[in-house]
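# A structural walkthrough
Below, each chain spelled out in residue letters.
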Amino acid sequence: MAFRFTRLDGKDRHHLRPGINPLPDDGDGHGVQLEAVLNYKVTNLFKIGRC
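Starting from 1, residues in each chain are numbered consecutively following that chain's sequence as written. It should be noted that, the model being predicted, local features are given only for residues of pLDDT at least 70 and side-chain atom pairs only at 80 or more, the latter also being counted only at that level, while totals for whole chains, interfaces and linings use all residues. Calculated side-chain values reflect all of the structure's heavy atoms, with hydrogen atoms and water omitted.

For side chains bearing opposite charge, pairing can occur when the charged atoms are close. Just to be clear on terms, a salt bridge is a Lys or Arg side-chain nitrogen sitting within 4 Å of an Asp or Glu carboxyl oxygen. Across all of its chains, the model carries two salt bridges by this definition. The partner of Arg7 in a salt bridge is Asp28, with the nearest N and O atoms 3.1 Å apart. With a gap of 21 residues between them, Arg7 in strand 1 (residues 2-10) and Asp28 in strand 2 (residues 25-33) connect regions that are remote in the sequence. Buried residues are those whose accessible area, probed at 1.4 Å on protein chains only, stays under 20% of the maximum for their type, while exposed residues exceed 50% and partly exposed ones sit between those limits. Relative accessible area serves as the criterion here: at 58%, Asp28 is assigned to the exposed category. One salt-bridge network, held together by shared partners, links Arg7, Asp26 and Asp28. The way it works is that DSSP assigns letters per residue, a run of H or I at least four long becomes a helix, a run of E at least two long becomes a strand, and they are numbered from the N terminus.

Right under this line is the structure:
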């Protein structure tokens, strides 16, 4: 399991065309990632899932 916190501070500059500069964008974010694996042994020689 992983927990992430991110921060964005984005500025877009067009030095040759200053009239098209968009507004700066910023923000915060967080999230969780969870991963699971399922195995099932059908017989001694046959498994479903990861080994």
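Anyway, onward from the coordinates.
The next subject is the pairing of strand 1. Within strand 1, only zero of the nine residues are buried, which leaves the element largely exposed. Note: strand 1 against strand 2, nine bridges, orientation antiparallel. Note that in strand 2 the partner of Asp9 across the bridge is Asp26. For two strands to be treated as a pair, DSSP must find at least two bridges joining them.

Okay, the confidence of the model for the protein next. Each residue carries a pLDDT score, the predictor's own confidence in it, on a scale running from 0 to 100. Taken as a whole, the protein shows an average pLDDT of 83; of its residues, 96% reach a score of 70 or greater. When mean pLDDT is compared element by element in the protein, strand 3 (residues 40-41) scores highest at 90, while strand 1 scores lowest at 84.

Turning to the environment of Lys41, a few remarks are in order. Secondary-structure assignment places Lys41 in strand 3. Between the C-alpha atoms of Lys41 and Arg17, which are 24 residues apart in sequence, the distance is 64 Å. Two residues form a contact once any of their heavy atoms are found within 4.5 Å. Here Lys41 is in contact with Phe46 and Lys47, once residues within four sequence places are set aside. N or O atoms closer than or at 3.5 Å make up a polar contact, with two conditions inside protein: a donor-capable atom paired with an acceptor-capable one, and, for residues adjacent in sequence, both atoms drawn from side chains. Among the polar contacts listed, one links the side chain of Lys41 to the side chain of Asn44, at a separation of 3.4 Å.

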